[in-house]
Amino acid sequence: KTEVWMVPSRDGKKIPVSLVYADSIKKPFSNRSFLIEGYGNSGASNDLYFNPQFLPWLNRGGIYAYAHVRGGGELGDDWYKDGQYPHKMNSINDMVDVADFLMSNNYAKPGGIVVMGGSAGSFLVGNSLNQRPDLFAGGIFLAGLPDLALHTDAAGAREEKSVGPKNTPEGFRSNYAISAIHHIPTGKSLPGLLIVHGATDYILSLSPVARYAARYQDSQAGHRPVLFRVQWEGGHLGGAGEIFDILRFALWQTGDPEFQPKE
């Protein structure tokens with residue numbers, strides 16, 4: 001089944017969230033596991049379609065949610081502009097507010113939310129985990145950009161529209177604010193993190209992601225895992241077997257008993 005909720009954000013905007021779940025799940029939702037994905041960049045709109053890759057998640061009682069955060073084009077030009085420079089933080093705040101809504105209303109179980117995003121959608125993942133580590137069991141950071149402040153590659157010019165230019169004080173501050181690597185909390189129990197990157201990605205370099213994995217591992221004061229998977233023959237759109245690792249990790253972190261480490 002599918003439906004769309006309008007979830008309130010901290011500044012009063014209503015964020016569309018598309019939900020997909022198995023017929024067997026009865027409403028109202030209570031104490032479910034949620035895999036929340038988002039992008040919110042460059043005016044892109046995401047129309048949901050039947051994707052059999054997520055059936056293992058749905059068949060095990062998980063709910064897939066796509067948060068149409070600001071920066072996307074789902075609600076028109078104003079929605080897009082309100083999630084781009086100088087308002088890019090709205091995209092991240094929207095994702096956090098969706099997770100907070102699910103947890104505060106007991107739709108999600110404690111330790112039951114995993115956030116996922118790829119490419120520019122990785123802004124949502126890294127920064128959501130930094131902003132509210134208490135909300136998330138884990139994050140899935142795919143082909144991401146963890147360091148906009150100190151690294152420029154093929155995506156740099158394109159992303160100026162969304163995060164701002166590096167050669168102005170205001171623009172640099174925006175790039176720095178959205179660079180997840182520079183804002184990882186220290187001395188705290190952090191959510192689990194699965195970082196996946198293709199070694200042949202022609203848009204985004206591997207080295208900043210490797211630095212991000214090491215920094216997050218070093219900052220982790222809790223017990224949750226921080227894993228870095230390199231797809232040696234994978235590009236920007238991923239590689240073989242990626243979805244299986246994503247789902248295994250999400251089921252592990254949200255407590256599915258069949259995916260816990262064996263003693």
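Draft legend 1. Spatial organisation of the layout of surface pockets. A volume near 1,100 Å³ is recorded for the largest pocket. Contributing to the lining of the largest pocket are 45 residues, with Glu37, Tyr49, Asn51, Phe54 and Tyr64 lying nearest its centre. For the lining of the largest pocket, the elements supplying multiple residues, two or more each, are strand S1 (2–8), strand S2 (14–20), strand S3 (32–38), helix H1 (55–59), strand S4 (63–67), strand S5 (108–118), strand S7 (192–198) and helix H8 (242–253). Looking at the lining of the largest pocket residue by residue, the class counts come to 22 nonpolar, 18 polar and five charged. The wall of the second largest pocket is formed by 21 residues, among which Leu145, Leu148, His151, Thr152 and Asp153 lie closest to the centre. At five residues, helix H5 (residues 156–163) tops the list of elements feeding residues into the lining of the second largest pocket. Its residues placed into classes, the lining of the second largest pocket shows nine nonpolar, seven polar and five charged.

Draft legend 2. How the structure looks around the side chain of Asn90. Among the structural elements, Asn90 can be located in helix H3 (residues 89–104). Setting aside residues no more than four positions away along its own chain, Asn90 makes contact with Asp11, Arg70 and Asp82.

Draft legend 3. Representation of empty space enclosed by the protein in the model. As enumerated under the stated definition, the model contains one cavity of 30 Å³ or more in all. Empty space within the largest cavity amounts to approximately 30 Å³. Lining of the largest cavity is provided by Tyr39, Gly40, Ala44, Tyr66, Ala67, His68, Val69, Gly72 and Glu74. In the lining of the largest cavity, the residues fall into five nonpolar, three polar and one charged.

Draft legend 4. View of unusual backbone geometry. Here the amide bond leading from Lys27 into Pro28 is cis, since omega sits at 0°, within 30 degrees of zero. On the secondary structure map, Pro28 appears in the loop between S2 and S3. Residue Pro86 is reached from Tyr85 by a cis peptide bond, and omega for that bond is 5°. As for its placement among the helices and strands, Pro86 is situated in the loop between helix H2 (77–81) and H3. Despite not being glycine, Asn31 has its phi angle at roughly 55°, a positive value.

Draft legend 5. The packing of aromatic side chains, seen in detail. As enumerated under the stated definition, the model contains nine aromatic pairs in all. On the basis of an interplanar angle of 35° and a centroid distance of 4.7 Å, the ring pair of Phe54 and Tyr64 is categorised as tilted. You can see Phe54 sitting in the loop between S3 and H1 and its partner Tyr64 sitting in strand S4, a full 10 residues away along the chain. Its relative accessible area of 10% is what places Phe54 among the buried residues.

Conventions we followed
- Residues numbered from 1 in each chain as written.
- Predicted model: local features only at pLDDT ≥ 70, side-chain atom pairs only at ≥ 80, totals over all residues.
- Heavy atoms only, no water.
- 1 Å grid on protein atoms, 1.4 Å probe; cavity = no way out; pocket = protein on both sides within 12 Å on 5 of 7 lines; lining within 4 Å.
- Points joined across faces, edges and corners; volume = space filled by probe spheres on them.
- Helix = DSSP H or I, 4+ residues; strand = E, 2+ residues; numbered from the N terminus.
- Nonpolar A, V, L, I, M, F, W, Y, C, P; charged D, E, K, R; others polar.
- Contact = heavy atoms within 4.5 Å.
- Phe/Tyr/Trp six-rings, centres within 6.5 Å; stacked < 30°, edge-to-face > 60°.
- Buried < 20%, exposed > 50% of the residue type's maximum accessible area, 1.4 Å probe, protein only.

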